[in-house]
Amino acid sequence: MADTRHFLTLMDFSPTELNTLIQRAIEMKQEHRAGTGERRFTGHVLGMIFEKSSTRTRVSFEAGMTQLGGHAMFLSPDDTQLGRGEPIEDSARVISSMVDIVMIRTFGHDIVETFAAHSSVPVINGLTDDYHPCQLLADMQTYVEHRGSIAGKVVTWVGDGNNMAQSYINAARQFDFELRIACPRGFDPADELLQAHSDRVSIVRDPMSAAEGADLVVTDVWASMGQEAEQKAREAAFVGYQVNGELMSRAAPGALYMHCLPAHRGEEISAELMDAADTVIWDEAENRLHAQKAVVETLLLANS
Ligand code: CP
Ligand code: NVA
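Cut-offs and rules
- Residue numbers restart at each chain and count upward from 1, following the sequence in its written direction.
- For naming, the first written chain is A and the first written ligand is 1, with later ones following in the order written.
- At least 70 in pLDDT is required for a residue's local features to be given in this predicted model, at least 80 for side-chain atom pairs to be given and counted, and no such filter applies to totals for whole chains, interfaces and linings, which use all residues.
- The basis for the side-chain values is all heavy atoms of the structure; hydrogens and waters are excluded.
- Put simply, a residue is near a molecule or strand once any heavy atom of it comes within 4 Å of that molecule or strand.
- Polar contact is defined as a pair of N or O atoms within 3.5 Å, subject to the rule that within protein one atom must be able to donate a hydrogen and the other to accept it, and that residues adjacent in sequence are counted only when both atoms are side-chain atoms.
- For this classification, the nonpolar set comprises Ala, Val, Leu, Ile, Met, Phe, Trp, Tyr, Cys and Pro, the charged set comprises Asp, Glu, Lys and Arg, and every other residue, Gly included, is treated as polar.
- Each accessible area value is a Shrake-Rupley result obtained with a 1.4 Å probe; residue values ignore everything except the protein chains displayed when judging cover.
- Only protein chains enter the area calculation, which uses a 1.4 Å probe; residues under 20% of their type maximum are buried, those over 50% are exposed, and those in between are partly exposed.
- Secondary structure counts use DSSP, requiring at least four H or I residues in a row for a helix and at least two E residues in a row for a strand, with both numbered from the N terminus.

Caption draft 1: Representation of the site of ligand 2 in the model. In the vicinity of ligand 2, the residues found are Leu 127, Asn 162, Asn 163, Asp 220, Val 221, Ser 224, Met 225, Cys 260 and Leu 261. In this structure, a nitrogen atom belonging to ligand 2 sits 3.3 Å away from a side-chain N or O atom of Asn 162. Met 225 has a polar backbone atom sitting 2.8 Å from an oxygen atom of ligand 2. Tallied by class, the residues present in the shell around ligand 2 amount to five nonpolar, three polar and one charged.

Caption draft 2: The arrangement of the site of ligand 1 in detail. Taken together, Ser 54, Thr 55, Arg 56, Thr 57, Arg 105, His 132, Gln 135, Cys 260, Leu 261 and Arg 288 make up the full set of residues near ligand 1. Between ligand 1 and the protein, one listed contact pairs an oxygen atom with a side-chain N or O atom of Thr 57 at 2.7 Å. In this structure, a nitrogen atom belonging to ligand 1 sits 2.9 Å away from a main-chain N or O atom of Leu 261. Contact with the protein chains removes 96% of the 250 Å² of surface that ligand 1 exposes when unbound. Broken down by class, the residue content of the shell around ligand 1 amounts to two nonpolar, five polar and three charged.

Caption draft 3: Highlighting unusual backbone geometry. Looking along the chain, the bond that leaves Leu 261 and enters Pro 262 is cis, with omega of 0°. The backbone phi angle of Asp 176 is positive, close to 65°, even though this residue is not glycine. Owing to a relative accessible area of 41%, Asp 176 belongs among the partly exposed residues under this scheme. A positive phi angle, close to 70°, is found at Leu 261, a residue other than glycine. Inspection of the secondary structure puts Leu 261 in the loop between strand E9 (256-259) and helix H11 (271-274). Assessed through its relative accessible area of 9%, Leu 261 is described here as buried.

Limitation: the analysis is restricted to geometry and does not speak to function.
Here it is as structure tokens:
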């Protein structure tokens with residue numbers, strides 16, 4: 001409904017709100033470690049609609065909701081009327097009349113937009129073909145925890161111009177950093193997004209040049225969910241676009257590298273980097289839990 005706040009992309013929150021949210025996520029992580037986290041949402045229910053597979057998103061939302069005192073309900077198209085063609089609009093009206101907040105992982109971004117437009121409760125985007133904003137919160141939290149503010153820094157994206165790359169474009173705007181995108185021709189992020197943020201986002205085809213002096217290097221799988229049939233063709237198209245020790249040697253001293261996971265060792269990232277003792281990739285994955293608890297709290301309080 002018109003005045004309900006949602007989290008469909010990073011643009012749904014102001015830069016100030018996003019930075020506050022990251023600080024709250026860091027605080028909630030400390031509280032969780034200390035066993036002092038408040039169960040302030042007793043009796044609240046999160047409906048989780050998954051039209052694509054997930055490990056991190058499902059586990060983090062479900063564990064997080066329990067830790068907040070509430071409950072998370074897993075809804076699959078295989079077992080609900082969503083998979084039998086009940087309109088999104090009707091499903092949104094009904095589901096939102098029974099739960100307090102909804103998370104959706106699906107294909108078209110228009111599906112989460114349609115759901116949100118007909119939902120009486122907040123809707124969180126748990127990944128669409130176009131955006132993965134929850135992952136960006138975890139990435140930003142991880143950078144802040146290890147290196148402080150990311151404002152004014154240089155971030156290099158290596159690989160497909162996919163939902164993660166497009167979320168990084170929004171992040172460049174909202175968290176105020178320079179983003180260089182190294183992707184092969186034909187795999188660019190949406191042109192309108194590049195145009196809209198051309199003051200801080202550029203395409204640098206050569207990954208080694210793009211990594212020069214970077215503070216953070218990020219990559220993701222070459223074939224996203226739904227593109228499995230393209231895996232072989234993409235492996236050929238992305239030769240040379242691996243994040244590895246040689247590429248990281250071009251980055252700034254102390255540069256971090258991230259991957260949202262799941263990863264293909266030896267494709268978009270080397271096994272050496274994945275298995276390095278000092279990688280922050282596992283912190284990045286864990287931070288999904290804390291960052292999303294902060295999002296759930298923010299949205300539930302905003303709509304209460
Ligand atoms: N990074 C991420 O969203 O992982 P899952 O697909 O396992 O949820
Ligand atoms: N780009 C990947 C991210 C997975 C978390 C995908 O959409 O499959």
